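One-letter residues, chain by chain:
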Amino acid sequence: NLKNTFALIGNPNAGKTTIFNSLTGSKAHVGNWPGVTVEKKEGILLEDKSVNIIDLPGTYSLGAYSEDELVARNYIIGEKPDVVIDVIDASNLKRNLYLAVQLMEMDANLVLALNMADEAKTNGIDINHSLLSDLLGIPVIPTVAIKNKGLKELISNAKKEIGKRKKSIKINYGAEIEQEIEKLTNLIEENPELTNIYSARWLAVKLLENDEELITKFKSTSGTEEILARYDQSIIDLEKIFGDDAETVIIEKRYGFIEGVVKKCVKTSKNIENSIS
Ligand code: GDP
Ligand code: K
Ligand code: MG
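Residues numbered from 1 in each chain as written. Chains lettered and ligands numbered in written order. Predicted model: local features only at pLDDT ≥ 70, side-chain atom pairs only at ≥ 80, totals over all residues. Heavy atoms only, no water.

Draft legend 1. Focus on the environment of Gln-102. Turning to its location among the elements, Gln-102 is positioned in helix H3 (residues 93-105). The spacing of Gln-102 and Ser-61 is 41 residues in sequence and 7.5 Å in space, taken between C-alpha atoms. Excluding residues within four positions of it along the chain, Gln-102 makes contact with Tyr-60, Ser-61, Leu-62, Gly-63, Lys-206 and Arg-254. (Helix = DSSP H or I, 4+ residues; strand = E, 2+ residues; numbered from the N terminus. Contact = heavy atoms within 4.5 Å.)

Laid out in structure tokens, this is it:
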């Protein structure tokens, strides 16, 4: 009688609530996340009572800049839902993939709902979703949530992902940053209390991004002194190399990766675009 949990995540207005309501019959339990005023919505999958559905706050990123981001990422890290369904607005693929890439870096058991497939089509955006799936190494299911299209496929694909240990695609941040990631990762991996919770590489990248929450946490945890000293030195060394903070370079590299993926799997027909506007 084991329950599985699917967590819905996505940029604001990508269609998360529409999908949640359709999957659960909108019989949601609404509360708040502990300690914050961010709304927490939970429901049960209509077609299979053994699946819990959690509606995470809408967010563009998984840094430490807002309560929404922190609630979403700490839920994924702390609760490790069986599957994370990232609802993507297909008519805004590049921006929406930024969140997906961060979820991949967290080693989440990810499935993409390529929602607003109708909007994308109307706008002349043709996404080769099976190529996108191959390039990212995760299932990509086109959906039109308002018409209930693709949701059965979405759930059947999500179920196939239960229990999988994801080997996510790693973004190559370039030799200089990769070298610092490796040094930090090696130190983190000596600490099972950290690796039980976090992906070591994700943690290393987040430190180089100057993640305030994690750095504060590390400073109040014993046994992390060596990691923090290494982090301090890495930040100084990288700033010398790039003449910019590591965070900026990492974000640029992430967008560069997305740019490359989108170039390969999206065709835009300008004619349709013009005739609409
Ligand atoms: P959320 O912010 O991610 O929870 O997004 P919502 O579920 O509230 O959806 C945002 C808006 O997009 C609403 O007006 C929905 O009716 C609409 N919407 C949701 N899914 C689709 C879709 O697949 N196609 C189109 N055209 N509109 C959609
Ligand atoms: K909304
Ligand atoms: Mg919503």
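Draft legend 2. Representation of the packing of aromatic side chains within the structure. In the structure shown here, the tally under the stated rule is 2 aromatic pairs. For the pair Tyr-98 and Tyr-255, a centre-to-centre distance of 4.5 Å together with 10 degrees between the ring planes defines the contact as stacked. With a gap of 157 residues between them, Tyr-98 in helix H3 and Tyr-255 in helix H12 (residues 246-265) connect regions that are remote in the sequence. Here the aromatic rings of Tyr-198 and Trp-202 are separated by 6.0 Å at their centres, their planes lie at 15 degrees, and the arrangement is stacked. Like Tyr-198, the residue Trp-202 is buried in the burial classification. (Phe/Tyr/Trp six-rings, centres within 6.5 Å; stacked < 30°, edge-to-face > 60°. Buried < 20%, exposed > 50% of the residue type's maximum accessible area, 1.4 Å probe, protein only.)

Draft legend 3. Representation of the sheet that holds strand S3 (residues 39-44). The sheet built from 7 strands is open, its strands ordered S2-S3-S4-S1-S5-S6-S8 with mixed pairing. A strand with exactly one partner marks an edge of an open sheet, and here the two such strands are strand S2 (29-32) and strand S8 (140-142). When the angles between neighbouring strand axes are averaged without regard to direction, this sheet yields 25 degrees. In this structure, strand S1 (residues 4-10) lies alongside strand S4 (residues 51-55), joined through 5 bridges in parallel fashion. Paired with Thr-5 across the bridge in S4 is Asn-52. (Pairing = 2+ DSSP bridges. Axes fitted to C-alpha atoms, helices over the stretch in contact; angles between N-to-C directions.)

Draft legend 4. Structural view of the environment of Leu-214. Tracing the backbone shows Leu-214 in helix H10 (residues 212-219). Using a relative accessible area of 1% as the deciding quantity, one classes Leu-214 as buried. Sequence separation of Leu-214 and Ala-64 is 150 residues, and the distance between their C-alpha atoms is 8.4 Å. Apart from the residues lying within four places of it in its own chain, the contact partners of Leu-214 are Arg-73, Tyr-198, Trp-202, Leu-203 and Lys-206.

Draft legend 5. Up close: the site of ligand 1. Taken together, 15 residues lie near ligand 1, and Asn-13, Lys-16, Thr-17, Thr-18 and Asp-118 sit nearest. Taking Lys-16, its main chain carries an N or O atom lying 2.8 Å from an oxygen atom of ligand 1. In the environment of ligand 1, an oxygen atom lies 2.8 Å from a nitrogen or oxygen atom belonging to the side chain of Thr-17. In isolation ligand 1 has 580 Å² of accessible area, and contact with the protein removes 72% of it. Of all elements in the fold, only helix H1 (16-24) and helix H4 (117-122) reach the threshold of two or more residues within the shell around ligand 1. Of the residues that constitute the shell around ligand 1, the class distribution is 6 nonpolar, 6 polar and 3 charged. (Near = heavy atom within 4 Å. Polar contact = N/O pair within 3.5 Å; in protein donor to acceptor, adjacent residues only side chain to side chain. Areas by Shrake-Rupley, 256 points an atom, 1.4 Å probe, with all protein chains shown as cover. Nonpolar A, V, L, I, M, F, W, Y, C, P; charged D, E, K, R; others polar.)

Draft legend 6. Representation of the packing of H3 against H12 in the model. At a minimum axis separation of 10 Å, H3 and H12 run at an interaxial angle of 115 degrees. When the interaxial angle is binned, H3 and H12 end up roughly perpendicular. The element H3 and its partner H12 pack so that their crossing is right-handed. The segment H3 lies against H12, with Leu-93, Lys-94, Leu-97, Tyr-98, Val-101, Gln-102 and Glu-105 engaging Ile-251, Arg-254, Tyr-255, Phe-257, Ile-258, Glu-259 and Val-262. When the residues that make up the contact of H3 with H12 are grouped by side-chain class, the tally is 9 nonpolar, 1 polar and 4 charged. (Parallel < 35°, antiparallel > 145°, perpendicular 65-115°, else oblique. Left-handed = near helix turned anticlockwise from the far one by under 90°.)

Draft legend 7. Summary view of the packing of H1 against helix H6 (residues 151-161). Their axes nearest at 11 Å, the elements H1 and H6 cross at an angle of 80 degrees. By the angle class used here, H1 and H6 are roughly perpendicular. For the pair H1 and H6, the contacting residues are Ile-19, Ser-22 and Leu-23 in the first and Leu-151, Leu-154 and Ile-155 in the second. The residue inventory of the contact of H1 with H6, partitioned by class, reads 5 nonpolar, 1 polar and no charged.

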